[in-house]
Amino acid sequence: MPQEKNQTRQRRPVIGCFPLYPPLELFHSMGMTPVVLWGFAEKYDKTIHADRHLQTYCCGIARKMTEYILRDGVKEFDALFMYNACDTLRNLPEIIDCGLVDGSLPLLRMHIPAARLDSEYGQDYLKDEIRQLVKSLEERTGRAFNMETFRDSVSLYSRLRAKISTLCRHVANGGIGYTDVTRLFLEQTMQPVEDQIDALDKVISSVNDNEEQEGVKRVIVSGIIPPPLYVCDAMDRTELRVVVDDTAMIGRSVGYTPESFDTVEDYYHQFYLNHAPCSTLLHNAERRLETLLDLARQHDTSGLIFIGEKYCEYEYFDFPYLDEVLRSKGIKTLQLEFAMGDTQSGSVQTRIEAFAEMLEESR
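Residues numbered from 1 in each chain as written. Predicted model: local features only at pLDDT ≥ 70, side-chain atom pairs only at ≥ 80, totals over all residues. Heavy atoms only, no water.

### Re the pairing of strand β8 (residues 332-338)
Thinking step 1. Sheet topology note: the strand β7 (residues 303-309)/β8 ladder contains seven bridges and is parallel. Bridged to Phe 306 within β8 is Gln 335.
Thinking step 2. In terms of handedness, the path from β7 via helix α12 (residues 313-328) over to β8 forms a crossover that is right-handed. (Pairing = 2+ DSSP bridges. Helix = DSSP H or I, 4+ residues; strand = E, 2+ residues; numbered from the N terminus. Right-handed = clockwise from strand over helix to strand, strands pointing away.)

### Points about the packing of helix α2 (residues 60-76) against helix α4 (residues 92-99)
Thinking step 1. Across the interface, α2 lies against α4 with an axial gap of 10 Å and an inter-helix angle of 35°. The hand of the α2/α4 crossing is right-handed. Residue-level contacts link Ala 62, Met 65, Thr 66, Ile 69 and Leu 70 of α2 to Leu 92, Ile 96 and Gly 99 of α4.
Thinking step 2. Classifying every residue of the contact of α2 with α4 by side-chain character gives six nonpolar, two polar and no charged. (Axes fitted to C-alpha atoms, helices over the stretch in contact; angles between N-to-C directions. Left-handed = near helix turned anticlockwise from the far one by under 90°. Contact = heavy atoms within 4.5 Å. Nonpolar A, V, L, I, M, F, W, Y, C, P; charged D, E, K, R; others polar.)

### Section: empty space enclosed by the protein
Thinking step 1. Summed over all chains, the structure comprises two cavities of 30 Å³ or more.
Thinking step 2. When its volume is computed, the largest cavity comes out at roughly 410 Å³.
Thinking step 3. Along the walls of the largest cavity sit 24 residues, with Leu 24, Val 36, Gln 196, Met 249 and Ser 253 positioned nearest its centre.
Thinking step 4. A per-element tally of the lining of the largest cavity places helix α6 (residues 147-172) first, with four residues.
Thinking step 5. Its volume calculated, the second largest cavity comes out at about 50 Å³.
Thinking step 6. Among the elements that make up the lining of the second largest cavity, the one with the highest residue count is strand β6 (residues 240-247) (four residues).
Thinking step 7. Its residues placed into classes, the lining of the second largest cavity shows nine nonpolar, no polar and one charged. (1 Å grid on protein atoms, 1.4 Å probe; cavity = no way out; pocket = protein on both sides within 12 Å on 5 of 7 lines; lining within 4 Å. Points joined across faces, edges and corners; volume = space filled by probe spheres on them.)

### Some details on the pattern of salt bridges
Thinking step 1. One pass over the structure, following the stated rule, counts 18 salt bridges.
Thinking step 2. For the salt bridge of Asp 246 with Arg 252, the shortest nitrogen-to-oxygen distance reads 3.7 Å. We note that Asp 246, like Arg 252, is buried.
Thinking step 3. Here the salt bridges share partners, and the residues they tie into one network are Asp 246, Arg 252, Arg 288 and Glu 315. (Salt bridge = Lys/Arg side-chain N within 4 Å of Asp/Glu carboxyl O. Buried < 20%, exposed > 50% of the residue type's maximum accessible area, 1.4 Å probe, protein only.)

### A short note on the sheet that holds strand β5 (residues 217-223)
Thinking step 1. Within the open sheet, the four strands sit side by side as β6-β5-β7-β8. Their pairing is parallel. Of all the strands in the sheet, just β6 and β8 have a single pairing partner and so form its edges. Strand after strand, the sheet turns through a mean of 25° between neighbouring axes, direction not considered.
Thinking step 2. Across seven bridges, the pairing between β5 and β6 is parallel.

### Things to note about unusual backbone geometry
Thinking step 1. Cis geometry marks the peptide bond from Pro 19 to Leu 20, where omega comes out at 25°.
Thinking step 2. By the element assignment, Leu 20 lies in the loop between β1 (14-17) and α1 (24-29).
Thinking step 3. Positioned with a positive phi, Glu 239 is a non-glycine residue whose angle comes to about 60°.
Thinking step 4. Residue position: Glu 239 is located in the loop between α9 (229-237) and β6.

### A look at the environment of Arg 63
Thinking step 1. Within the secondary structure, Arg 63 sits in helix α2.
Thinking step 2. Given the relative accessible area of 8%, Arg 63 is considered buried.
Thinking step 3. Linking Arg 63 and Lys 46, residues 17 residues apart in sequence, is a C-alpha distance of 9.7 Å.
Thinking step 4. Dropping the residues within four chain positions of it, Arg 63 is found in contact with Thr 47, Ala 50, Asp 51, Leu 54, Gln 55, Thr 56, Cys 58 and Met 340.

### Description of the confidence of the model for the chain
Where the model shows low pLDDT, its predicted coordinates should not be examined in detail.
Thinking step 1. For the chain, per-residue confidence averages 89 on the pLDDT scale, and 94% of positions sit at 70 or higher.
Thinking step 2. By mean pLDDT, helix α3 (residues 87-90) is the weakest element of the chain at 81, and α1 is the strongest at 98.
Thinking step 3. The low-confidence segment residues 4-9 (pLDDT under 50) makes 13 contacts with residues lying over four places distant or belonging to another chain. (pLDDT = per-residue confidence, 0-100.)

### Notes on the layout of surface pockets
Thinking step 1. There is about 480 Å³ of room inside the second largest pocket.
Thinking step 2. If you trace the second largest pocket, you find 23 residues lining it, with Val 244, Asp 245, Gly 251, Leu 295 and His 299 closest to the centre.
Thinking step 3. Residues belonging to the lining of the second largest pocket are distributed by class as follows: nine nonpolar, eight polar and six charged.

### Some words on the sheet that holds strand β3 (residues 79-83)
Thinking step 1. Taken together, four strands build an open sheet; the order of strands is β2-β1-β3-β4 and the sheet is parallel. Both outer strands of the open sheet, β2 (33-36) and β4 (107-110), are each paired with one neighbouring strand and no more. Ignoring which end each strand starts from, the neighbouring axes of this sheet average 25° apart.
Thinking step 2. The pairing of β1 with β3 spans three bridges and is parallel. Looking at the pairing, Cys 17 lines up with Phe 81 of β3.
Thinking step 3. Contacts between helix α5 (residues 120-141) and the sheet are confined to β3 and β4, with β4 contributing the most and set at about 165° to the helix.

What follows is the structure in structure tokens.
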């Protein structure tokens, strides 16, 4: 359950946000505590409630999030928010509403157009969606939108994203292991932004980078969510140094914050237009390959590990083409797939060890 560690902070209504990239600053500025519904892979062994409503070929992210909401949503959230991140998530609100036996939760939603956001149509459509969302929030919270309060919330989330980026750089520099950082993000994802900043500050202050590069194999990790912790540990043990996290949960979420804007609509137009490319953001998905190649060059990487969530059609449509082009550029790739219910696998660890050896031989 989302809890504020600093008891002096007044309890705010909690809004549970479907992944991937909700307008957190807006919710915060309207007096709410937004939390992104990530990180349930280890929470439930079974999804009894969700399986009454969802097919087993839905991805584990959606099924476990649904299980969490159906079991605890009415007790822990004051509202839910969703946008059209993927086909499965798009249909969940009505399913969840039918499945909540102890009541219902107010639902706020918006639609991010698939049309290019640098077009007049795409820009106008998105800005209208933001205006409608602001209106819904004003009706829901009973408070008027305030631009200065919004700017304060933007500054707060900008600080959080900067600290996450700093911690990722420490991973790249050997100051902290990828396992420890992934565990930290999983633990903090359901906490208020202020508490996340406090937790990251504490960790960053204790990190000392290791400049020793001998034996290190520099890789990019890409996918919707980071690999399971036992896989992260195998990567650390085989000296696969994650110099770029390109997962939607971490790296893609902190890639861009607009610095200059006049209105809330302008802020979110810039935010989504310039967002780190993601297969779920159809208006910028075509930039994925170019971005990955640029990251590989900038960070002198020779390998990329795809973390596949089984049944995530958006990522799996991308993988074959990305894999073909990356390999043609001399960047070796490893594709790992994980499904709900998978347990710790020796075969996965063996594949990681073999991949590390292959990168070592090609140095």
